[in-house]
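Residues per chain are reported as follows:
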Amino acid sequence: MKQIIIHTTLFFFGISAYGQEVKKLNDSYFLNLEKFEKGSGILEIKANPENREKEIITLEEGTYFLENKNQKFWFKINDKHQFTETAKAQITKGERLYILYFTFENGLALEADLKDTSGHLISHFETKDSVFVVKHFRQTGKLAKKIVLRIGRGLSDAVETAYYDNGNIKSENDHVNKTTRLFYENGKAEYFYDSGTEEKIYFNENGQKTEHSYYSKEKEWCTEYFENGTIVSKNCNSADHSQKIQYYYKNGKLDNYEVELFSTGEIKKYDKNNKLLESRKATYPNAMPIQKSNK
């Protein structure tokens, strides 16, 4: 059995010297991927004996095979006690088995592929410059999602991009700039939201703006409405909730507007030159009458 393990490991690493010893690590050891999953490229071998705190293990130069209940890991350590060349890990989660292939440089896993037992690529991980890139793939091999984050940071500092099957972007969640964008399958913009400013924009399938909500410089909450990409109306509520202004446009240009004062219930209509055209009382719907019981 030991000879089989040695031959398998030597084949995986491309080692021609069959006499090289493979060092076996038993189920007191495990592969820790927590730092790698945050983009640092760091893999750790830890010891976890009963009633003892987890310890990071420094290994001597050599070829190793680690096996515990949920993991099998074939790897090499250089004379600087670093992971080197390539490595393979089999990870069991529940009833599913995943296979990870790592490529190391200066002890860090700069690239890794996650595959299923059929060899289908599930995810690709890559550390480059100061960012960590994760790509998730469909069974067809097409890109489904990409996550880019700064090394050492979590998803709260990432940009997540999802893709349609045709390769066009489906959505983009930018946690750095606090924005969300949705797209139609044809590639046109569908929706934009900035959680920092609360600005929202909706588009039709031709990419034309249909609705736009935002805070004005005067802290009014305004919503603009468009037809065929041209503004037709806008309403703004004042920051102190004392009044509402409804603007009306013709051919994209202001035609007239109405100011409703909530304190008096008065509505004043002005033309585009601020000339008063009329004044009237607002009519508000009455509360629904209480229905008498027949009992």
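No experiment lies behind these values; they were computed from the predicted model shown.

(A) Expanded view of the overall build of the protein chain. When helices and strands are tallied, the protein chain shows one helix and 24 strands. The buried share of the protein chain, reckoned over its 295 residues, is 35%. If you take every contact in the protein chain between residues at least 6 apart in sequence, the share linking residues at least 24 apart comes to 17%. As displayed, the protein chain offers around 19000 Å² of accessible surface, 47% of which is attributable to carbon and sulfur atoms.

(B) Geometry of the nonpolar core. Judged by nonpolar contacts, the single largest core of 29 residues is most densely connected at Leu43, Ile45, Phe73, Phe75 and Phe102. Here Ile45 is in contact with Leu25, Tyr29, Phe30, Leu31, Glu55, Ile56, Ile57, Leu59, Leu66, Phe73, Phe75 and Phe83, once residues within four sequence places are set aside. Of all hydrophobic cores here, the second largest spans eleven residues; its members include Cys236, Ile245, Tyr247 and Tyr270.

(C) Region of interest: the pattern of salt bridges. Taken as a whole and assessed by the stated rule, the structure comprises eleven salt bridges. Among the salt bridges present, the one from Lys72 reaches Glu67, with a minimum N-O distance of 4.0 Å. Judged by its relative accessible area of 29%, Glu67 is partly exposed. For Glu160, the salt bridge is made with Lys145, and the minimal N-O distance between the two is 3.1 Å. Residue Glu160 is found in strand 13 (residues 158-163), and its partner Lys145 is found in strand 12 (residues 143-150); the two are separated by 15 residues along the sequence.

(D) A look at the layout of surface pockets. The space that makes up the largest pocket amounts to roughly 590 Å³. Lining the largest pocket we find 27 residues, and of these Leu33, Glu37, Ile91, Lys93 and Leu100 sit closest to its centre. Secondary structure elements with two or more residues in the lining of the largest pocket: strand 2 (29-32), strand 7 (83-93), strand 8 (96-105), strand 11 (131-137) and strand 12. The class makeup of the residues in the lining of the largest pocket is 15 nonpolar, six polar and six charged. The computed volume of the second largest pocket comes to approximately 220 Å³. Forming the walls of the second largest pocket are 15 residues, and the residues nearest its centre are Leu43, Ile57, His81, Gln82 and Phe83. Residue classes in the lining of the second largest pocket are distributed as nine nonpolar, five polar and one charged.

(E) Focus on the state of the cysteines. Scanning the entire structure with this criterion turns up one disulfide. In this model Cys222 forms its disulfide with Cys236; the gap between the sulfur atoms is 2.1 Å. Taking the torsion about the sulfur-sulfur bond, which here is approximately 115°, the covalent link between Cys222 and Cys236 counts as right-handed. A residue pair is termed long-range when its members are at least 10 positions apart, and Cys222 in strand 19 (residues 221-227) and Cys236 in strand 20 (residues 230-237) qualify at 14 residues. Grouping residues by exposure puts Cys222 and Cys236 together as buried.

(F) Up close: the environment of Gly187. Mapped onto the fold, Gly187 is located in the loop between strand 15 (179-183) and strand 16 (189-194). Judged by its relative accessible area of 36%, Gly187 falls in the partly exposed class. As a C-alpha pair, Gly187 and Asn168 span 19 residues in sequence and 5.7 Å in three-dimensional space.

(G) Fine view of the pairing of strand 18 (residues 209-215). Both strand 17 (residues 199-203) and strand 18 contribute to a ladder of four bridges, which runs antiparallel. Note that in strand 18 the partner of Ile201 across the bridge is His212. Linking strand 17 to strand 18, which pair antiparallel, is a turn of five residues; within it Gly207 sits at a positive phi near 85°. In this structure, strand 18 lies alongside strand 19, joined through five bridges in antiparallel fashion. Residue pairing for strand 19: His212 is matched across the bridge by Glu224. Remark: five residues form the turn of the hairpin made by strand 18 and strand 19, two consecutive strands paired antiparallel; Lys219 in that turn has positive phi of roughly 70°.

(H) Spotlight on unusual backbone geometry. For Glu85, which is not a glycine, the phi torsion comes out positive at approximately 60°. By secondary structure assignment, the location of Glu85 is in strand 7. For Lys178, which is not glycine, the phi dihedral falls at a positive 60°. Using a relative accessible area of 49% as the deciding quantity, one classes Lys178 as partly exposed.

(I) Structural view of the side chain of Ser213. When you line up the elements, Ser213 lands in strand 18. Side-chain polar atoms of Ser213 contact the side chain of Thr223, separated by 3.0 Å. If sequence neighbours within four positions are ignored, Ser213 has contacts with Glu198, Glu199, Lys200, Trp221, Cys222 and Thr223.

(J) Layout of the sheet that holds strand 4 (residues 55-56). Pairing within the open sheet is antiparallel, and its three strands lie in the order 2-3-4. The two strands at the open ends of the sheet, each matched to only one other strand, are strand 2 and strand 4. Here four bridges tie strand 2 to strand 3 (residues 44-47), and the two strands are oriented antiparallel to one another. Bridged to Phe30 within strand 3 is Lys46.

Cut-offs and rules
Residues numbered from 1 in each chain as written. Predicted model: local features only at pLDDT ≥ 70, side-chain atom pairs only at ≥ 80, totals over all residues. Heavy atoms only, no water. Helix = DSSP H or I, 4+ residues; strand = E, 2+ residues; numbered from the N terminus. Buried < 20%, exposed > 50% of the residue type's maximum accessible area, 1.4 Å probe, protein only. Contact = heavy atoms within 4.5 Å. Areas by Shrake-Rupley, 256 points an atom, 1.4 Å probe, with all protein chains shown as cover. Core = buried A, V, L, I, M, F, W, Y, C linked by side-chain atoms within 4.5 Å. Salt bridge = Lys/Arg side-chain N within 4 Å of Asp/Glu carboxyl O. 1 Å grid on protein atoms, 1.4 Å probe; cavity = no way out; pocket = protein on both sides within 12 Å on 5 of 7 lines; lining within 4 Å. Points joined across faces, edges and corners; volume = space filled by probe spheres on them. Nonpolar A, V, L, I, M, F, W, Y, C, P; charged D, E, K, R; others polar. Disulfide = S-S within 2.5 Å. Pairing = 2+ DSSP bridges. Polar contact = N/O pair within 3.5 Å; in protein donor to acceptor, adjacent residues only side chain to side chain.

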